[in-house]
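# Fold and contact review
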Amino acid sequence: MSVSPAPAAAAGELTGVAGWAVGLMESLGGPGAALVVGLDNLFPPLPSELVLPLAGFAAGRGAFSLGGALFWTTLGSVAGAVVVYLLGLRLGHDRTRRLVGRIPLVKTDDFDRTAAWFARHGGKAVFFGRMIPLFRSFISVPAGVERMPFGRFLLYTTAGSLVWNTGFVVAGYLLGENWAVVERYASIFQYVVFAAIAVAVGLFVVRRVRGRKHV
C-alpha cells in the first residue's frame, strides 16, 4: 500500500509563488486559502488562475476538504472584492469623474456613458466580471463608485466568484500533481483577454486622435 506524501512535503516540491501559496494554505488551513485568493483582488499580478488550482491541489493533499476549499476561496474572493468596493465608494462618482476628465484623450462624456451603462447592467457586469481576468480585480471599483446597493453587490459577487472558483478548485483537486495544466490553459484565455483589451484601447486612441484632427 502506497502512502501519500505529507502536505508539507508537497509544498517543498513547489517554488516561487506556488510554493508560497501552498505553504500558507498548509500552515493556516482554510483561512490561508482565503487570504491568498483575497490578495488576487488587491494584487492582480497574483492571478486566481494560479492560486485556485493550488487550493484544489492542497485540498487533495489533506490541508482541508474540497468543500472547505470552495468555501474559503469564495470567502476570500468576496472579502477582497468588498475592500475594492469600499475604495470605490470612498472615491465617489464626482471625484472619479473629475479624475477621468484629466486623463489624456478621455472625456468626461466617456465616464458619463460608462456610468449610465453600469446603472443598466451593473448586476450582470459584476457577476460575469468575476470570471474575466483583470476585470475580476477592478469590476468592484465602478460598483462602489456608482453606489450599487451593497446587498446586491454581495449577491452577484458571491455567485460569480463561486462559479469561477469551483471550476478551478475542482480541476486542481482532480488533477493533483498535474494542477499546472489548469493554469497553462487558463493563461491562454488570459492572453486573449489582454490582447482584446489592447486592441480596444488602440482603436479608441486612434479614433480619438483622428477626431481631434478634424475639429
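Refer to the structure printed above.
Below is a summary of the structure that appears in this document. (Residues numbered from 1 in each chain as written. Predicted model: local features only at pLDDT ≥ 70, side-chain atom pairs only at ≥ 80, totals over all residues. Heavy atoms only, no water.)

### Re the overall build of the protein
Scanning the protein from terminus to terminus reveals 11 helices and 0 strands. What you see in the protein, going N to C, is helices and strands ordered as α-α-α-α-α-α-α-α-α-α-α. Across the 215 residues in the protein, those meeting the buried criterion constitute 43%. Restricting the contact set of the protein to residue pairs at least 6 apart, pairs at least 24 apart contribute 73%. On the protein, roughly 11500 Å² of surface is accessible, and the fraction owed to carbon and sulfur atoms is 68%. (Helix = DSSP H or I, 4+ residues; strand = E, 2+ residues; numbered from the N terminus. Buried < 20%, exposed > 50% of the residue type's maximum accessible area, 1.4 Å probe, protein only. Contact = heavy atoms within 4.5 Å. Areas by Shrake-Rupley, 256 points an atom, 1.4 Å probe, with all protein chains shown as cover.)

### Some words on the packing of aromatic side chains
Enumeration over the complete set of coordinates arrives at 6 aromatic pairs. Seen from their ring centres, Phe71 and Trp72 are 5.2 Å apart, and the 80° between their planes marks the pair as edge-to-face. Taking 6.4 Å as the distance between ring centres and 35° as the angle between the ring planes, the aromatic pair formed by Phe150 and Phe153 counts as tilted. Residue Phe150 and its partner Phe153 are both found in helix α10 (residues 150-175); the two are separated by 3 residues, about one turn of the helix. (Phe/Tyr/Trp six-rings, centres within 6.5 Å; stacked < 30°, edge-to-face > 60°.)

### With respect to helix α4 (residues 48-60)
The terminal C-alpha atoms of α4 lie 18 Å apart, and with 13 residues this matches the ideal 18 Å at 1.5 Å per residue to within 8%. Most of α4 is tucked away: 12 of the 13 residues are buried. Just downstream of α4, Gly62 is the residue with a positive phi angle, here 95°. (Expected span 1.5 Å × (residues − 1).)

### Considering the packing of helix α3 (residues 30-42) against helix α5 (residues 66-91)
In the contact formed by α3 and α5, the axes pass within 7 Å of each other and the chain directions differ by 35°. Here the hand of the crossing between α3 and α5 comes out right-handed. Seen from α3, the contacting residues are Gly30, Pro31, Ala33, Ala34, Val37, Gly38, Asn41 and Leu42; seen from α5, they are Trp72, Thr73, Gly76, Ser77, Gly80, Ala81, Val83 and Val84. Taken together, the residues that form the contact of α3 with α5 break down as 9 nonpolar, 7 polar and no charged. (Axes fitted to C-alpha atoms, helices over the stretch in contact; angles between N-to-C directions. Left-handed = near helix turned anticlockwise from the far one by under 90°. Nonpolar A, V, L, I, M, F, W, Y, C, P; charged D, E, K, R; others polar.)

These figures come from the coordinates and say nothing about function on their own.
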